[in-house]
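# Residue-level structural notes
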Amino acid sequence: MREKKSIIAIVGPTASGKSELAVQLAKKFNGEIISADSRQVYRGLNIGSGKVKGRWQKKLNKSYEVQPHKTLIYKTIPHHCIDYVSPKKRYTVVDFQQCAQKAIEDIRARGKIPFLVGGTGFYIDAVLGDTLFPSAPANPALRKKLERLPAEKLFAMLKKKDARRAATIDPHNKRRLIRALEIIETTGAPVPNQVFSNASHTSRQSLWRHDAQNLVWDRITRNDDVIMIGIRKTKEKLRQAITKRIRAMLKSGLVAETKKLHAAPPVGEGLSWKRIGEFGFEYRLPTLYLQKKITRKELEEQLKKENWRYAKRQITWWKYHQDICWISTFQEARRLLFSFCASAF
């Protein structure tokens, strides 16, 4: 087969099974995985972020310096851009772009196919296209003013000014809410959509249509060298999966992991409750429990509720992507990729 610079992306809501599907497909199609998750990049955020339990081995390519000297291996598949950043550091989407680009080069240099996998839509978009980041400079005075307001008030302000961005943002994440309001105030316009401006990402081509069996997808679209596979579950099955996942997290030690992040070195990371809460509801809610602000039962119920809200925000994000091929089983995904590879190589 001739060389083709392909990328396979696996997307979908939380608890939909992206990690396991990606591993199965990577084994079948000679791939390696790039984790596109805004929290799995951090060390110590394992249970709450749903990070795979891999083992570290010597670096596959010593010239690849994003994660020097080691690579995370899960079920024989190397994983990149994962578990390598101190939770004390502020990690941005630009940092992820740089990590993913280096990982893609590294994977291709060894004749493998990059699999971009995760639920952080902003990160996926930042890699697959020329994402347009708003050039709004920081406004310290405005930030200081907004910082005094509770997240609920900030979210209400954003919803009024930019309902579309409000539908995809975590309503409890003050840092992101403040940045979105800052962009609107500075530019006088809504937060720009994440668009693909590169011509190679706007020329779309239908490659295959379903037969009379009425399978869950109705076409394969190809972005020259990219195929996006989305995992689709019914609301009932997704709710069940979320409930199962939350119970597994709590049983595996989510509260203990949160407590360790707060504990002083060398036992833990010495993070403030505020900083831990910035990693999302999976960590914000356990901090409330550890401070005796909510009960164990309330912790579990609120985790379920927030996970479901997060899943709906993710679904809303992907709703704007017309070229995702939605599937519900490994067999359907495999058939998609066989068709894609037959045309791409």
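### A word on helix 11 (residues 281-290)
Working note: α-helix, 3.6 residues per turn, so residues spaced by three or four point in the same direction. The element helix 11 is extensively covered by neighbouring structure, given that 7 of its 10 residues are classed as buried. Turning to helix 11, its buried residues are Phe281, Glu282, Tyr283, Arg284, Leu285, Pro286 and Thr287. Residues of helix 11 that are buried make contact with helix 8 (235-252), helix 9 (254-262), helix 10 (273-277) and helix 12 (296-319). Count one or two residues on from helix 11 and you reach lysine 292, which has phi positive near 60°.

### Thoughts on the pattern of salt bridges
Taken as a whole and assessed by the stated rule, the structure comprises 18 salt bridges. A salt bridge links glutamate 282 to arginine 39; its shortest N-O distance comes to 2.5 Å. With glutamate 282 in helix 11 and arginine 39 in the loop between strand 2 (31-35) and strand 3 (55-58), this residue pair connects regions lying 243 residues apart in the sequence. Just as glutamate 282 is buried, arginine 39 falls in that class too. Glutamate 300 is paired through a salt bridge with arginine 296; the nearest N and O atoms lie 3.4 Å apart. One end of the pair, glutamate 300, and the other, arginine 296, are both in helix 12, 4 residues apart, so they sit about a helical turn from each other. You can call arginine 296 partly exposed: its relative accessible area is 38%. Where salt bridges share partners, they join Arg247, Arg296, Glu300, Glu301 and Lys304 into one cluster.

### Details of a positive patch on the surface
A contiguous patch of positive charge on the surface is contributed by Lys235, Arg239, Lys312 and Lys319. Taken together, the elements giving at least two residues each to the positive patch come down to helix 8 and helix 12. Tracing the chain through its elements places arginine 239 in helix 8.

### Quick notes on the nonpolar core
Counting residues in each nonpolar core, the largest one holds 53 residues, and the members touching the most others are Ile34, Tyr91, Phe96, Leu116 and Met228. Those residues within four positions of isoleucine 34 in sequence are excluded, and the remaining contacts are His80, Cys81, Phe96, Ala100, Ala103, Ile104, Ile107, Pro114, Phe115, Leu116 and Val117. Counting residues in hydrophobic clusters, the runner-up holds 28 residues, among them Leu72, Ile77, Cys325 and Leu336.

Scoring rules and cut-offs
- Residues numbered from 1 in each chain as written.
- Predicted model: local features only at pLDDT ≥ 70, side-chain atom pairs only at ≥ 80, totals over all residues.
- Heavy atoms only, no water.
- Buried < 20%, exposed > 50% of the residue type's maximum accessible area, 1.4 Å probe, protein only.
- Helix = DSSP H or I, 4+ residues; strand = E, 2+ residues; numbered from the N terminus.
- Contact = heavy atoms within 4.5 Å.
- Salt bridge = Lys/Arg side-chain N within 4 Å of Asp/Glu carboxyl O.
- Patch = residues over 30% accessible without salt bridge, like charges linked within 9 Å, V, L, I, M, F, W, Y side chains within 5 Å.
- Areas by Shrake-Rupley, 256 points an atom, 1.4 Å probe, with all protein chains shown as cover.
- Lys, Arg positive; Asp, Glu negative; His and termini not counted.
- Charge placed at Lys NZ, Arg CZ, Asp CG, Glu CD.
- Core = buried A, V, L, I, M, F, W, Y, C linked by side-chain atoms within 4.5 Å.

Honestly, it's all geometry; don't read function into it.
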